Amino acid sequence: MRTRSLLKMALALAATAGAGLAAAQADLASYEGADRLERITAAAKKEGRLTLYTTIAEKDLPTLIKPFEDKYGIKVNVWRAGTDKVLQRTIAESSAKRREVDVVHFGSPEMEALSREKVLLPVTSPAYRDLVPGSVPKHREWAATLLSVWVQAYNTNLIKKADLPKTYADLLDPKWKGKLGVEAKNQDWFETVVEINGGMDKGIKFFQDLVARNGLSPRSGHTLLTNLVVSGEVPMALSVYNYMPEQAKKKGAPIDWFALEPAVARSNAVGVARQAPHPAAALLFHEYMLTDAQQLMTTIDYVPTNTKVASPLKGVKIIITDPVRTLDEAQKWSALFDETVIKRAGR
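Just so we're clear, the structure is a prediction, and the values are computed from it rather than from any experiment.

A.B. asks: Whenever I open this one, the overall build of the chain confuses me. Can you help?
C.D. replies: Each helix and strand counted, the chain has 13 helices and eleven strands in total. Its C-alpha atoms give the chain a radius of gyration of 23 Å, within 12% of the compact-globule value 20 Å for 347 residues. In terms of overall dimensions, the chain has C-alpha extents of about 80 × 40 × 30 Å along its principal axes. Out of the 347 residues in the chain, the part that is buried amounts to 50%. A separation of at least 24 residues holds for 78% of the contacts in the chain among residues at least 6 apart in sequence. Accessible surface, the chain: about 16500 Å² in total, of which carbon and sulfur atoms supply 54%. If the 47 positive side-chain charges of the chain are averaged to one point and the 39 negative ones to another, these points end up 2 Å apart.

Structure, rendered in structure tokens:
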């Protein structure tokens, strides 16, 4: 009996401590005093570390992580995986009351999914006022850090710059037959391009005509599609993230890119876990990704959301997909994309 009583007491104390930590975290996250950053920094340095779950490319992580570690002396432990795995693991651990992750960084639609699962903490930050419109939802549980802009990439040994299409309608020209590829899971890109090309009926017909006349080769993964453009297997890709061909081009690969405007972009965002084991360090990293890291992003050709930082795509008209709509209508547009492009491409 005494053992059971001691166990109950220990569990009660743990629950009380957890509740107190959560309250302290929420207070710091919503604090708006002039010494806000100083308070967060002091508390974060005491914690000394944090865990980040992200989809950021492994080769790009040091550019963003090391300066934070050097500046604050805080170790960042990174677990990197694809979008679906990051989403599943984060939700599963939260449901099991496992306090493992401090910060999550991946696509904004998936961030919205985490918000609906009550995984994320509302944060008030002065950095929000410098971000592009639509970067912070009303609930303040995530904030967009960068834009993944879909551009068109081509093999410079196979296609001349002078021959590039200037509009989506130009892609219907017979000269593009057998030369076009697309990423196989870009439903939100597909949805937006449908709208650009006249809305549901006209836009879907455009894709149907494109597949029927010239073919459209779907490939899984933006990195793979970019590499296939470099190799020449896919002479032109219609939907790769802007930084991928630019990085390859700088390394001497026979690839370049252009944008059929308006270019379509989806935002990626940062969010602090509601039950973060290192809450202050998580908040500090959140602030860092919206401030110091914004300039660093441009060195690897990422498009920052902070309007005070010059974009690598300055001058390119960009339309940003709505993450809430993307999440809510995912099944609808996934089915339309599969039926219009993926299944027909194999015929």
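Here the narrative resumes, following the displayed structure.
A.B. asks: Before we go on, may I ask you to explain the packing of aromatic side chains in this structure?
C.D. replies: Aromatic rings considered in pairs are described by the distance between their centres and by the relative angle of their planes. Under the counting rule described, the total for this entry stands at 15 aromatic pairs. Each ring, one from Phe-68 and one from Phe-285, has its centre 5.1 Å from the other, and the planes form 85 degrees; the classification is edge-to-face. Taken as a pair, Phe-68 in helix α3 (residues 61-72) and Phe-285 in helix α10 (residues 279-290) lie far apart in primary sequence, 217 residues in all. Judged by relative accessible area, which is 1%, Phe-285 ranks as buried. Between Tyr-241 and Tyr-243, the aromatic rings sit 6.3 Å apart at their centres with planes inclined by 15 degrees, giving stacked as the arrangement. For Tyr-241, a relative accessible area of 12% puts it in the buried group. Site record: aromatic cluster; members linked through ring pairs are Tyr-168, Trp-189, Phe-190, Phe-206, Phe-207, Trp-333 and Phe-337. Geometry around Tyr-31 places Arg-39 over its ring, the cationic atom sitting 4.2 Å from the centre.

A.B. asks: In this structure, what is going on with the packing of helix α6 (residues 187-196) against helix α13 (residues 330-345)? I would like to understand it.
C.D. replies: The axes of two packed helices give the description: the angle between them and the distance between them. The contact between α6 and α13 brings their axes to 9 Å, and the two run at 80 degrees. In terms of orientation, α6 and α13 fall into the roughly perpendicular class. Each of Gln-187, Phe-190, Glu-191 and Val-194 in α6 lies in contact with α13, whose residues at this interface are Trp-333, Ser-334, Leu-336, Phe-337, Thr-340 and Val-341. Residues that form the contact of α6 with α13 fall into these classes: six nonpolar, three polar and one charged.

A.B. asks: Please explain the environment of Ser-115 as it appears in this structure.
C.D. replies: Mapped onto the fold, Ser-115 is located in helix α5 (residues 108-116). Excluding its chain neighbours within four sequence positions, the residues that come into contact with Ser-115 are Leu-120, His-139 and Glu-141. A distance of 3.4 Å separates the side chain of Ser-115 from the side chain of His-139, its partner in a polar contact. Polar side-chain contacts of Ser-115 include one of 2.7 Å to the side chain of Glu-141.

A.B. asks: What is the right way to read the packing of helix α8 (residues 222-231) against helix α9 (residues 243-250) from this model?
C.D. replies: Contact pair α8 / α9: the axes reach a minimum separation of 10 Å and the direction vectors enclose 45 degrees. On the basis of the axis angle, α8 is oblique to α9. The handedness of the crossing between α8 and α9 comes out as right-handed. Contact residues: α8 offers His-222, Thr-223, Thr-226 and Val-230, while α9 offers Met-244, Pro-245 and Ala-248. Per-class residue counts for the contact of α8 with α9 are four nonpolar, three polar and no charged.

A.B. asks: Sorry if this is basic, but what is going on with the nonpolar core here?
C.D. replies: Among the nonpolar cores identified, the biggest contains 85 residues, and Trp-189 and Met-236 are the most heavily contacted of them. Per-element tally for this core: the top contributor is α10, with nine residues. Setting aside residues up to four positions removed in sequence, Trp-189 forms contacts with Trp-150, Tyr-168, Val-182, Phe-207, Leu-238, Ser-239 and Val-264. Counting 16 residues, the second largest nonpolar core, distinct from the first, contains Leu-225, Ala-248, Ile-255 and Ala-265.

A.B. asks: Sorry, what's going on with the pairing of strand β3 (residues 103-107) here?
C.D. replies: Two faces belong to every sheet, and in a regular strand the side chains alternate between them. Among the five residues in β3, five count as buried, and that is most of the element. Sheet topology note: the strand β1 (residues 49-54)/β3 ladder contains three bridges and is parallel. From the neighbouring strand, Tyr-53 faces β3, where its bridge partner is Val-104. Where β3 and strand β9 (residues 263-272) come together, five bridges link them in antiparallel fashion. Looking at β9, one finds that Val-103 is bridged to Val-272.

About the cut-offs
- Residues numbered from 1 in each chain as written.
- Predicted model: local features only at pLDDT ≥ 70, side-chain atom pairs only at ≥ 80, totals over all residues.
- Heavy atoms only, no water.
- Helix = DSSP H or I, 4+ residues; strand = E, 2+ residues; numbered from the N terminus.
- Rg over C-alpha atoms; globule rule 2.2 N^0.38 Å.
- Buried < 20%, exposed > 50% of the residue type's maximum accessible area, 1.4 Å probe, protein only.
- Contact = heavy atoms within 4.5 Å.
- Areas by Shrake-Rupley, 256 points an atom, 1.4 Å probe, with all protein chains shown as cover.
- Lys, Arg positive; Asp, Glu negative; His and termini not counted.
- Charge placed at Lys NZ, Arg CZ, Asp CG, Glu CD.
- Phe/Tyr/Trp six-rings, centres within 6.5 Å; stacked < 30°, edge-to-face > 60°.
- Lys NZ or Arg CZ within 6 Å of the ring centre and 35° of its normal.
- Axes fitted to C-alpha atoms, helices over the stretch in contact; angles between N-to-C directions.
- Parallel < 35°, antiparallel > 145°, perpendicular 65-115°, else oblique.
- Nonpolar A, V, L, I, M, F, W, Y, C, P; charged D, E, K, R; others polar.
- Polar contact = N/O pair within 3.5 Å; in protein donor to acceptor, adjacent residues only side chain to side chain.
- Left-handed = near helix turned anticlockwise from the far one by under 90°.
- Core = buried A, V, L, I, M, F, W, Y, C linked by side-chain atoms within 4.5 Å.
- Pairing = 2+ DSSP bridges.

Treat this as a map of the structure, not an account of what it does.
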